[in-house]
Amino acid sequence: MWTFLARRIVQTLPVLLGVSIITFVLIYLLPADPARMYAGPSATVETVARIRHELGLDQSLVVQYWTYITHAVRGDLGFSYRKQIAVTELILSRMPYTLALTLAGIFVELLIGLPVGIASAVARGKWADRAGMFIALVGISAPPFWLGLLLLYWFGFRLPILPLGGADEATSIVLPALTAGLGGAAWYARMMRSSTLDILSTDYVRTARAKGRSLFGVVVRHVLPNALNPIITMAGMDIPWFIGGVVLVERVFNWPGVGRMAVEAIETVDVPLILGTVIFTAVMVVASGILIDVVQGLVDPRIRHSRQS
Amino acid sequence: MSKKAVLSLFIVITTALAACGGGPTPSAAPAATQPATGGGPEKGGEIIIVYKDDLATLDPAIGYDWTNWPAIKLVFDGLLDYDSGTTIQPRIAEALPEVSADGLTYTFKLRQGVKFSNGRELNADDIVYTMTRVLDPKTGSPGAGFFVGIKGAQEFIDGSATSVEGIQAVDPSTVQFTLTAPDVTFLNKMALNFAFIVPKEEVEKAGENFGHAPVGTGPFVLKEWKAGQFLTFDRNPNYFFEGRPFLDKVTIEVGVEPDVALLRLEKGEIQLMGDPPPGADWTRISADPAWTDRIEVEATVNTTYIAINTTVAPFDNVKVRQALNYAIDKQRIVQLLNGRATVANQVLPPLMPGYDASYTGYDYNPDKAKALLTEAGFADGFETSIECISVDPQPKLCESFQQDLDKVGIKLTINTLAAPNVIDDAGNGKTPLVWSGGLAWTQDYPDPDDFYSPILGCDSNVAGGWNWSRYCNETVHARSKELLSMTDREGRMAAYKDLFKTLMDDAVWVPVINGQYTVAHSDKLHGQPTLTHPEHLFSYETMWLSK
């Protein structure tokens, strides 16, 4: 187990290095001049040149990258051009919000997706199945921005039971988590429906039913444990999706997460902040990959044993 | 010179930017003016204002956009400020400075008893420190360029001098600036946020973090800043302007989409929207009598234009450029913007001193355009292209130009790009036409030179500059230099009318619209004389809440 973990962690280093190089080159190739962005439009050409020098942008790409990466390994991701704060500090201040929304969103996905999926499978072909899958289709298709505004309008404004955005109250997370989770819940429902159908048609389920077990008992005892593995994989893949992909949700609800900050950084060509958020996201993607592997090993003895052999 | 769009622009999507800074409207003359609404301002209360964009910094030497300036003005003050219009007033200075006969030396007497919020009294050394800090390359101030006309500034920047010769503290309450050439806009420059006074000890204590731990002499003090969420400001007990401010507390929340902000305003959770209400909502609320007391429309001092690259064929032919001016239907652009703009016919916007109200410019006349094109040898038209930023509604407006030009035989290709790319291409002459929508030129200060030197003058006709027409007329240029030393204000403004008429005869732009700023606020929130101001945008110092 530990050698497996150590090997997985060592494998991630080239990935992170590659991500940082690609991002660096891409930013370098941008037609927009970060020094010009920093200086503002009315700055004279001399002022821009001076600022470029102060920011070290007049050095060669290799020198700039070397300076960056040697600082980065020490945890120093540089200083945001626009926000005038250390990038590490900025990301750390936003990370708890992103993680909270990620966990709450995945919770919503599972809470809604799993029961709907199982119910649809059990009631296959009946109206409940069709209704469930129709709602799932709507959930997948609804743009989060629209859904978010709609929820805000009804629950925040018309019957004001939840805050109109922000992150000040404990209940603030409810609407963003619902918005972020509803679309995903639909995927989980479809996924759960098809794996439940597969499992329900297996021999051991038929045997269990023949022995007189109730349908409910079969679902709890046999279907759920066996359907869990793909669900864990999906939830694991959701972590990076949430970290990078809930920008729109963060925007509508004024949720102070990393994603929104990343978009702002790109819009202002804030190079250190773009690099910092990309590398942070890469770390999270890699870490959630490792997490899936570990959890799957814990849940499924077959996987654990195959690794040991 | 300039427009501060840039930074915030990229951040989102707003239209161009703007104005010089923000701050208390009426000058420092400590006589409280009566609010327009009748009934005296009431003391006390708290307001919340929301913005979509995050606030970058409160360091006056760094902040350079539309969201930053009014916030910086909460905490800081300069030697000079504006009245409720475009007239300069003394602020930390006791009076307007004494100017030497040669126009090179400006002597400021400081107001007595002005204290920083840390309790220390301000003195002339603080002014010297502040201005030297702005010029210091290590500060990386985008505003340094405004002050390179001070004697010794260039030597200091180049590192051949350790101080700036032309900035001297004569005694603790007198400071003197010496320029290398006369410049009547120097006073305007001293009213910019870059010249707002900072205390040395606090800057050194905070280091790089000063923009988040600011200490100034302004009406409020920063209490708490939660990055990406909100900033709160309390009244400054040491404020030199007795009786001000009226409010006890101001909170700026950031990251709020305008749709949501409007809902929160309707619910009474916030008092002021920093961003204009969204277009669809604007149509609804501007027609609703219940909103009359809650919305304001203020002309902004900017011009949005089509820059014509005068160095490439066929636009090196003045007749073709004039034809373009006749061919564009500007009224339709105003319609496409829900009426939130007015038609422009010259380079200067109406609020700018030097604007020529009697000038009529080019009317919409496709026949005349066609005749001019025929004269120029393009009876069959030609093909060309325009760059527009890809943010709504700009591409839509460019399509309108496309249709207009099609009527006179010009085939226009539209290239929509991200704002930084448009700026880069336009600044390097890589496109024949540029639509400046979203990047409109907005004043830094109310002087007509701000609409000439940085965008149409020879000095700005450099790669990466803002002279997108790549235009340089030596005669006009020499004249503009003379005008910078002309102290007879009326004569000077008359001269600018001639200067800009020459530019319009040369058809270097198609001026299309002058923008408007639309604001929605609580009906309990008042200001003097209105909530919005052409220079300051928002004047927190004079805002007050009725019960």
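Calculation criteria
Residues numbered from 1 in each chain as written. Chains lettered and ligands numbered in written order. Predicted model: local features only at pLDDT ≥ 70, side-chain atom pairs only at ≥ 80, totals over all residues. Heavy atoms only, no water. Helix = DSSP H or I, 4+ residues; strand = E, 2+ residues; numbered from the N terminus. Buried < 20%, exposed > 50% of the residue type's maximum accessible area, 1.4 Å probe, protein only. Contact = heavy atoms within 4.5 Å. Lys, Arg positive; Asp, Glu negative; His and termini not counted. Charge placed at Lys NZ, Arg CZ, Asp CG, Glu CD. Pairing = 2+ DSSP bridges. Expected span 1.5 Å × (residues − 1). pLDDT = per-residue confidence, 0-100. Axes fitted to C-alpha atoms, helices over the stretch in contact; angles between N-to-C directions. Parallel < 35°, antiparallel > 145°, perpendicular 65-115°, else oblique. Left-handed = near helix turned anticlockwise from the far one by under 90°. Nonpolar A, V, L, I, M, F, W, Y, C, P; charged D, E, K, R; others polar. Patch = residues over 30% accessible without salt bridge, like charges linked within 9 Å, V, L, I, M, F, W, Y side chains within 5 Å. Areas by Shrake-Rupley, 256 points an atom, 1.4 Å probe, with all protein chains shown as cover. Salt bridge = Lys/Arg side-chain N within 4 Å of Asp/Glu carboxyl O. Buried area = accessible area lost by both parts, 1.4 Å probe. Disulfide = S-S within 2.5 Å.

Here we take up the overall build of chain A. For chain A, the helix and strand inventory stands at 14 helices and 0 strands. Each helix and strand of chain A, ordered N terminal to C terminal, gives the series α-α-α-α-α-α-α-α-α-α-α-α-α-α. Seen through its C-alpha atoms, chain A measures out along the principal axes to roughly 85 × 60 × 30 Å. A total of 309 residues make up chain A; the buried ones form 50% of that total. When contacts within chain A are restricted to residue pairs at least 6 apart in sequence, those whose partners lie at least 24 apart make up 71%. Separation between the mean location of the 25 positive side-chain charges and that of the 19 negative ones in chain A comes to 14 Å.

On to the pairing of strand β7 (residues 174-178) of chain B, then. All names here are of chain B. Bridge analysis of strand β5 (residues 105-109) against β7 gives 5 bridges, and the strand direction is antiparallel. Pairing of K109 across the sheet is with T174, part of β7. As judged from the 4 bridges shared by strand β6 (residues 167-171) and β7, these two strands associate in the antiparallel manner. What sits directly across from I167, in β7, is F177.

Okay, helix α1 (residues 2-29) of chain A next. An ideal rise of 1.5 Å per residue puts 40 Å on 28 residues; α1(A) measures up with 41 Å between its terminal C-alpha atoms. F4(A), L5(A), T12(A), S20(A), T23(A), F24(A) and I27(A) are the residues of α1(A) that are buried.

What follows deals with the confidence of the model for chain B. It should be kept in mind that the predicted coordinates are not to be read in detail where pLDDT is low. Residue and element names in this part refer to chain B. Averaged over all residues, the pLDDT of chain B is 88; the fraction at 70 or higher stands at 93%. Low confidence marks residues 1-37, where pLDDT is under 50. Its contacts with residues over four positions away, or in another chain, come to 170 contacts. Scoring the predicted complex yields pTM 0.81 and, for the interface, ipTM 0.74.

All names here are of chain A. With their axes 11 Å apart at the nearest point, α1 and helix α4 (residues 61-72) run at an angle of 135° to one another. The angle between α1 and α4 places the two elements in the oblique class. The way α1 lies across α4 gives a crossing that is right-handed. On α4, the residues touching L17, S20, I21, F24, V25 and Y28 of α1 are L61, Q64, Y65, Y68 and I69. Across the contact of α1 with α4, the residue classes tally to 9 nonpolar, 2 polar and no charged.

Reading across the sheet, the 5 strands line up as β8-β9-β10-β1-β11 (chain B) and stay open at both edges, with mixed pairing between neighbours. On the outer flanks of this sheet lie β8 (220-226) and β11 (272-273) of chain B, each paired with one strand and no other.

Right, let's talk about the environment of A142(A) for a bit. Topologically, A142(A) is positioned in the loop between α6 (127-141) and α7 (144-158). Taking the C-alpha atoms as reference, A142(A) lies 7.2 Å from G183(A); in sequence the two are 41 residues apart.

With that out of the way, let us pick up the sheet that holds β5(B). All names here are of chain B. One open sheet accounts for 4 strands, arranged β4-β5-β7-β6; its pairing is antiparallel. Edge positions in the sheet fall to β4 (98-99) and β6, since each has one partner strand and no second. Packed onto the sheet, helix α3 (residues 124-135) meets β6 and β7 and runs at close to 175° relative to β6.

Our focus in this paragraph is a nonpolar patch on the surface. A cluster of nonpolar side chains, L17(A), I21(A), I22(A), V25(A), L26(A), Y28(A) and L29(A), forms an exposed patch at the surface whose accessible area comes to about 680 Å². Within the fold, L26(A) resides in helix α1.

On to the interface of chain A and chain B. By convention, interface size is frequently given as the accessible area that disappears when the constituent parts associate. At the interface, 43 residues of chain A touch 55 residues of chain B. Overall, the association of chain A and chain B removes approximately 4,100 Å² of surface from exposure, summing both partners, and the carbon and sulfur fraction of that is 58%. Counting across the interface, chain A meets chain B through 3 salt bridges. Across the pair R251(A) and E257(B) runs a salt bridge, and its minimum N-O distance is 3.7 Å.

This paragraph deals with the pairing of strand β1 (residues 46-50) of chain B. Residue and element names in this part refer to chain B. Here β1 runs beside strand β10 (residues 249-253); their pairing, made up of 5 bridges, is parallel. Along β10, the bridge assignment pairs V50 with E253. In terms of strand pairing, β1 meets β11 through 2 bridges, oriented parallel. In the strand pairing of β11, I49 is matched with L272.

Residues and elements named next belong to chain B. Inspection of every chain in the model, using the stated rule, returns 2 disulfides over all chains. Here C388 engages in a disulfide with C398; their sulfurs sit 1.8 Å apart. Its torsion about the S-S bond being -110°, the disulfide of C388 and C398 is classed as left-handed. In this pair, C388 sits in strand β14 (residues 383-389) while C398 sits in helix α12 (residues 394-407), placing the two residues 10 residues apart along the sequence. C458 shares a disulfide with C472; S-S distance 2.0 Å. Around the S-S axis, the bridge from C458 to C472 shows a dihedral of about 90° and counts as right-handed.

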